[in-house]
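Fold and contact review
Single-letter residue listing:
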Amino acid sequence: MMRKIILSAVLLTGLAAQAFAEVNVSADVVSRYLWRGQQMAGGMAVQPDINYTTGSVTIGTWVSQPMMDGMTETNLYVSLDAGPLGITITDYTDAHNDLFSVGDHLIEVMATYSSGALSAGVAIHALNGNEDLWVELGYDMGQMGDADVSLSLGLGNESYSSNGDPKLALFGINASQGNYFASYQINVDRKANMAMIGKTF
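Residues numbered from 1 in each chain as written. Predicted model: local features only at pLDDT ≥ 70, side-chain atom pairs only at ≥ 80, totals over all residues. Heavy atoms only, no water.

Another aspect to go through is the nonpolar core. Among the nonpolar cores identified, the biggest contains 12 residues, and these are Tyr 33, Trp 35, Trp 62, Tyr 77, Tyr 92, Leu 106, Met 110, Ala 123, Trp 134, Tyr 160, Ala 169 and Leu 170. Residues Val 30, Ala 45, Met 194 and Met 196 belong to the second largest nonpolar core, which totals six residues. (Core = buried A, V, L, I, M, F, W, Y, C linked by side-chain atoms within 4.5 Å. Buried < 20%, exposed > 50% of the residue type's maximum accessible area, 1.4 Å probe, protein only.)

Given below as C-alpha cells:
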C-alpha cells in the first residue's frame, strides 16, 4: 500500500521474490494519509509507486501528492526480500534541502520478519545523529466475510512520541477487499483516533 496505510501493510505482505526483472506501476487514492499513528496534512491524496524488481531486489520511488493543500512527499527506496526476512532502505528526499548533499538526507533502515500470521519490524534513522526508532508488530487475522483483516501495534520515540520518550503510538485495525483497503487507528500516546479508506489502481 504505502508508506501507505502504515508500514504494517508492508510488514504483513512483504515483497515477492522473482526470478526475472520487471517494472511495476501502481497508485493508491486515499481519503487520508495515515503513517505510524499520525495523520499527515493534506486530506485526500494520490500515492503512485514506480519500481523495478530483479530477483529479490526492488528499487523504486513512492510519492504522496495531496489533492488539496499540503506538502508532496517523494521517497526513494531499495528493498531486499530474503524469505521471512526483509530489509528496506528509504531516502525521504522531501526531508532535506539538497538532493545531492549527503549531509542533508534523512535515511531510514527497516528490517522486517514474518512467520505465519505474525510479523515484526524495526526502523531506525541512519544519518545526521537522528535517534528516531519505530517498532511495529502485526497479526494477520485472516478472512472475515469478504475482507482480509489484520491488527497492528506500534511504538516509537522522538518524532513518534509526545515527549520524545518511547511511547505506544499505534493500535490499528486494517482491512482489505479486492482493490479497496481501510484502517482505523488509535494513537494511544496522544489519545487520538483516525480512519481512512483507499483504493489501488
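Here we have 12 strands rolled up into a closed barrel, ordered S1-S4-S5-S6-S7-S8-S9-S10-S11-S12-S13-S14, and antiparallel in their pairing. Each neighbouring strand pair of the sheet contributes to a mean axis angle of 20°, computed without reference to strand direction. Here eight bridges tie strand S4 (residues 45-54) to strand S5 (residues 57-66), and the two strands are oriented antiparallel to one another. Counted as the bridge partner of Thr 54 is Val 57 from S5. (Pairing = 2+ DSSP bridges. Helix = DSSP H or I, 4+ residues; strand = E, 2+ residues; numbered from the N terminus. Axes fitted to C-alpha atoms, helices over the stretch in contact; angles between N-to-C directions.)

Attention shifts here to unusual backbone geometry. Residues apart from glycine generally show negative phi values, whereas peptide bonds are mostly found in trans. A positive phi angle is found at Arg 36, which is not glycine, with a value near 50°. Tracing the sequence through the fold places Arg 36 in the loop between strand S2 (34-35) and strand S3 (38-39). Residue classification places Arg 36 among the buried positions, given a relative accessible area of 0%. Phi is positive for Lys 191, close to 55°, though the residue is something other than glycine. Tracing the backbone shows Lys 191 in the loop between strand S13 (180-187) and strand S14 (192-200).

For the protein chain, per-residue confidence averages 89 on the pLDDT scale, and residues scoring 70 or more make up 88% of the total. Note that pLDDT drops below 50 for residues 4-18; the model gives that stretch 57 contacts with residues more than four away or on any other chain. (pLDDT = per-residue confidence, 0-100. Contact = heavy atoms within 4.5 Å.)

Here we take up the packing of aromatic side chains. With the rule as written, the count across this model stands at four aromatic pairs. Pairing Trp 35 with Tyr 160 gives two aromatic rings, centres 6.0 Å apart and planes at 55°, and the pair type is tilted. A residue pair is termed long-range when its members are at least 10 positions apart, and Trp 35 in strand S2 and Tyr 160 in the loop between strand S11 (147-156) and strand S12 (167-177) qualify at 125 residues. Tyr 160 carries the same exposure label as Trp 35, and that label is buried. (Phe/Tyr/Trp six-rings, centres within 6.5 Å; stacked < 30°, edge-to-face > 60°.)

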